[in-house]
Amino acid sequence: MKGVFDKDHVVSIRDFTVDEINTVLDYAEKMVPIVKGDKISREMEGKILATLFFEPSTRTMLSFQAAMQRLGGSCIGFANPKQSSVKKGETLADTLTVTSSYADIVVLRHPQEGAARLASKFSSKPVINAGDGAGQHPTQTLLDLFTIRDEMGNISNNHIGIAGDLKYGRTVHSLTNALAMYDTELTFIAPPGLQMPDEIIKKLKKDGIEYHKADDMEAVIDDLDVLYLTRIQRERFPTEEEYEKVASIYNVNRNMLENVKEDMIVMHPLPRVDEISPDVDDTKHAKYFEQAANGVPTRMAIMSLLLETYKEAME
Ligand code: CP
């Protein structure tokens, strides 16, 4: 598999080719029986994962830790930087120099865009970006793509609506970059002030990708194959007043799904606030909890490919 996945770090989905993405997704499928307990793997025995989370997380941190432990490895790290020496003024560079000497792979979440790229320069081991400010969240994108492929049969030939905070949302930035590598139709659903950044739109235009913009969810929902909702990210708004203007703008409920396509799926990277009513959860369209669960096999695959332990798993 080396050659198809030739990476030292996972910082941005833009660093991936479509072949590399497909390699991760194919390999994640092989990890599913291990997650279900139908197969045992010890391919990471003796390996240590360091999770350095400078921002809160439930899914990303715990699914990385579960992924490492499912493969026989172990984990160290912090979820509260106030309990680390960062509180004493230690730089990110020094934090990475030291923690990468304790571990075989480092997963970093940080509020500053570009932090993972910087960290990769000081780390002696592979760094995985678990979210850098409003920048990128590449492993979320890989599990999103895994979910779309698993649920729809393929990624191409789908009309995908991406809704919510498209300005600050790193998950939708990474996802749009990746979907542009496939043959998809994209609709960006957001109020004008929260639309997709110009830089991403320019790239879509350059690549000849079909896209539309909308702000009325109900006007477009029935045409979609996939609706990908995101939270309005309170923590990234300059003021509370700016946030209040757009908070709760989208709330998908069961009634809104009455005329959608039979096999349309609703996704969300979670956590949700009020973008999806709980009455959607038991409809056939709701796939966001499966999506969250897919984080484990996908992250197993990413670590296995980065550390090249996959050879043993394939035997
Ligand atoms: N989707 C996601 O990144 O969730 P967490 O913030 O809980 O990790």
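Residues numbered from 1 in each chain as written. Predicted model: local features only at pLDDT ≥ 70, side-chain atom pairs only at ≥ 80, totals over all residues. Heavy atoms only, no water.

Visitor: I'd like a rundown of the sheet that holds strand E6 (residues 185–189), residues and numbers included.
Guide: Strand order across the open sheet formed by five strands is E7-E6-E5-E8-E9, with parallel pairing between neighbours. The open sheet terminates on both sides in strands that have one partner only, identified here as strand E7 (211–214) and strand E9 (265–267). If you compare each strand with its neighbour and ignore which way they point, the axes differ by 20° on average. In this sheet, E9 lies alongside strand E8 (residues 226–229) in parallel orientation, the contact comprising three bridges. Residue pairing across strands places leucine 227 opposite valine 266, the latter belonging to E9. Along the sheet, helix H5 (residues 138–152) contacts strand E5 (159–163), E8 and E9; its crossing angle with E9, the most-contacted strand, is approximately 165°. Helix H6 (residues 170–179) rests against E5, E6 and E8 of the sheet, and its axis sits at about 160° to E5. (Pairing = 2+ DSSP bridges. Helix = DSSP H or I, 4+ residues; strand = E, 2+ residues; numbered from the N terminus. Axes fitted to C-alpha atoms, helices over the stretch in contact; angles between N-to-C directions. Contact = heavy atoms within 4.5 Å.)

Visitor: Give a description of the domain arrangement of the protein that names residues and reports values.
Guide: Along its sequence, the protein is carved into domain 1 (13–136 + 295–307) and domain 2 (138–293). Between the C-alpha centres of domain 1 and domain 2 there is a distance of 24 Å. Counting residues at the interface gives 33 residues for domain 1, matched by 27 residues for domain 2. For the pairing of domain 1 and domain 2, the buried interface totals around 2500 Å² over both sides, and the portion due to carbon and sulfur atoms is 57%. The interface formed by domain 1 and domain 2 holds four salt bridges in total. A salt bridge links glutamate 29 to arginine 149, with the shortest nitrogen-to-oxygen separation between them at 2.9 Å. One can count 15 residue pairs in polar contact (both at pLDDT 80 or more) joining domain 1 with domain 2. (Domains from an automatic or database assignment. Buried area = accessible area lost by both parts, 1.4 Å probe. Salt bridge = Lys/Arg side-chain N within 4 Å of Asp/Glu carboxyl O. Polar contact = N/O pair within 3.5 Å; in protein donor to acceptor, adjacent residues only side chain to side chain.)

Visitor: Help me get a handle on the pairing of strand E3 (residues 105–110), residues and values and all.
Guide: Summarising burial for E3: six of the six residues are buried, a large majority. Strand direction decides the pairing type here: E3 and strand E4 (residues 127–132), joined by four bridges, are parallel. Following the sheet pairing, leucine 108 is matched in E4 by asparagine 129. Following the backbone out of E3, through helix H4 (residues 115–122) and into the adjacent parallel E4, one traces a crossover that is right-handed. (Buried < 20%, exposed > 50% of the residue type's maximum accessible area, 1.4 Å probe, protein only. Right-handed = clockwise from strand over helix to strand, strands pointing away.)

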